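Remarks on the overall topology
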Amino acid sequence: GDWLGLLGGGQLGRMFCHAAQSMGYRVAVLDPIASCPAGAVADLHIRADYDDEAGLAQLAERCRAVTTEFENVPAASLQKLAERCQVSPAAGAVAIAQDRIAEKGYIASIGVPVAPYAEIRAESDIEAAPASLFPGILKVARLGYDGKGQARVASAAEARAAFASFGGVPCVLEAMLPLEFEVSVVVARGFDGEVMTYPVAENVHRDGILAITTAPSPRASADIARRAAAAALQVAAGLDYHGVLCVEFFVLAGDRLVVNEIAPRPHNSGHYSIDACVTSQFEQQVRVLAGMPLGLSNQMVPAVMLNILGDAWFTQGGQAEPAWSELLQTGTAKLHLYGKTDARPGRKMGHVTCLGLDSEQARRSAAHAAAVLGIAFP
Ligand code: ATP
Ligand code: MG
Ligand code: MG
């Protein structure tokens with residue numbers, strides 16, 4: 001079969017490999033870490049840094065098309081690969097998603113609302129920022145994820161201290177918004193402009209890390225769902241995006257919707273699609289890459305996904321694996337583990353998707369799984 005290539009070897013890459021291989025493709029993964037989650041299941045693991053010329057050349061030579069599972073892969077590497085094979089999403093789209101300043105500027109420029117913010121490149125930008133941005137959150141423009149590189153700041157003085165603690169790298173200062181709840185929309189967009197949007201999913205974050213996704217969102221009205229999907233499609237179309245993209249939203253009082261951020265890849269809040277939808281977000285990524293038609297994104301059963309963090313190994317005082325067979329007792333819980341061996345608090349070790357013939361059954365199954373994992377639910 002044909003080879004597809006992947007920059008990055010994390011759990012998203014591992015789930016991409018599963019989807020690709022089940023359709024008969026072979027996958028080459030480039031990642032520097034020997035024990036990375038995707039390396040263990042890929043058909044070829046090229047152990048090299050993301051900007052290693054020889055590694056990139058090997059990947060391009062082997063594969064008809066390459067994608068990324070890690071949003072902080074250097075855009076220059078995607079550019080380099082694009083000289084030798086098909087690359088999607090394109091370097092330009094990834095570059096925008098990698099930089100909160102470019103990202104917010106782009107989203108605002110197409111008329112989609114974002115949280116009020118200021119670009120902070122120097123201390124003087126903090127002094128110049130409007131008082132309405134406090135209390136706020138200072139976020140490093142690049143390389144942040146899972147709430148890392150962020151500080152809640154009540155005043156300009158606190159923002160200055162946080163800016164200095166981040167080493168003075170470019171940041172955005174965002175107003176802290178009163179969130180009613182958070183939702184996300186995953187979009188798949190093919191080369192002929194064909195698009196599929198997944199149902200609006202509702203997300204609970206704890207300590208900056210996604211904890212729970214419920215799909216479809218119980219709280220999003222039909223109107224919010226329609227506007228969120230339209231905004232996500234607009235974001236993707238404006239980037240001439242090819243592949244799978246996620247748009248995260250804040251829902252504010254009065255059904256106001258603002259974009260938080262975008263991710264140029266399948267997203268943690270779309271993992272439920274593996275078990276609950278006609279076509280998973282990873283299969284869509286494979287289809288786009290392989291130049292196949294998209295599959296339907298329709299959800300067939302209600303789902304609640306719980307992230308399994310390393311914390312679940314430390315619930316009994318000592319260190320022990322969660323009781324997997326107890327977790328699966330309800331019969332509607334689907335366990336996904338990423339093959340990571342060292343459990344650390346805050347580390348994403350796996351997820352469990354709890355299905356139901358109706359949303360109440362999915363909820364009950366999730367409540368049971370949450371109790372086993374020591375996760376507060378809802
Ligand atoms: P990831 O990429 O893993 O989703 P991240 O590190 O890029 O996370 P953000 O999405 O910016 O982080 O923020 C993480 C969470 O923090 C948000 O989902 C939300 O719960 C909260 N948060 C972020 N910005 C704001 C804001 N301006 N107002 C209120 N809450 C916020
Ligand atoms: Mg992010
Ligand atoms: Mg986020």
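Residues numbered from 1 in each chain as written. Chains lettered and ligands numbered in written order. Predicted model: local features only at pLDDT ≥ 70, side-chain atom pairs only at ≥ 80, totals over all residues.

Under an unreviewed UniProt entry, the name given to the protein chain is N5-carboxyaminoimidazole ribonucleotide synthase, and the source organism is Pigmentiphaga humi. The Sequence similarities (unreviewed entry) field of the UniProt record for the protein chain holds the comment "Belongs to the PurK/PurT family." Its UniProt record gives the protein chain a comment under Subunit (unreviewed entry), which states: "Homodimer." (UniProt positions renumbered as here; feature names shortened; annotations may be inferred.)

With respect to the packing of helix H2 (residues 53–62) against helix H3 (residues 75–82)
Put simply, H2 and H3 touch, their axes get as near as 10 Å, and they point 45° apart. Compared by their axis directions, H2 and H3 come out oblique. The handedness of the crossing between H2 and H3 comes out as right-handed. Two secondary-structure elements touch here, H2 through Leu56, Leu59 and Ala60 and H3 through Ser77, Lys80 and Leu81. In terms of residue class, the contact of H2 with H3 is made up of 4 nonpolar, 1 polar and 1 charged. (Axes fitted to C-alpha atoms, helices over the stretch in contact; angles between N-to-C directions. Helix = DSSP H or I, 4+ residues; strand = E, 2+ residues; numbered from the N terminus. Parallel < 35°, antiparallel > 145°, perpendicular 65-115°, else oblique. Left-handed = near helix turned anticlockwise from the far one by under 90°. Contact = placed C-beta atoms within 7 Å. Nonpolar A, V, L, I, M, F, W, Y, C, P; charged D, E, K, R; others polar.)

Here we look at the domain arrangement of the protein chain
The domain architecture assigned to the protein chain consists of domain 1 (3–87), domain 2 (116–175) and domain 3 (181–373). The gap between the C-alpha centroids of domain 1 and domain 2 is 34 Å. (Domains from an automatic or database assignment.)

Looking at the confidence of the model for the protein chain
Predicted confidence across the protein chain gives a mean pLDDT of 97, with 100% of residues reaching 70 or more. As a predicted assembly, this complex carries a pTM of 0.97 together with an ipTM value of 0.98. (pLDDT = per-residue confidence, 0-100.)

Remarks on helix H12 (residues 359–373)
The end-to-end C-alpha distance of H12, which contains 15 residues, comes to 21 Å, matching closely the 21 Å that a straight helix rising 1.5 Å per residue would cover. Here the buried face of H12 lies against strand E16 (303–309), helix H11 (324–327), strand E17 (333–337) and strand E18 (348–355). Downstream of H12 by one or two residues, Gly374 has phi in the positive range, about 75°. (Expected span 1.5 Å × (residues − 1).)

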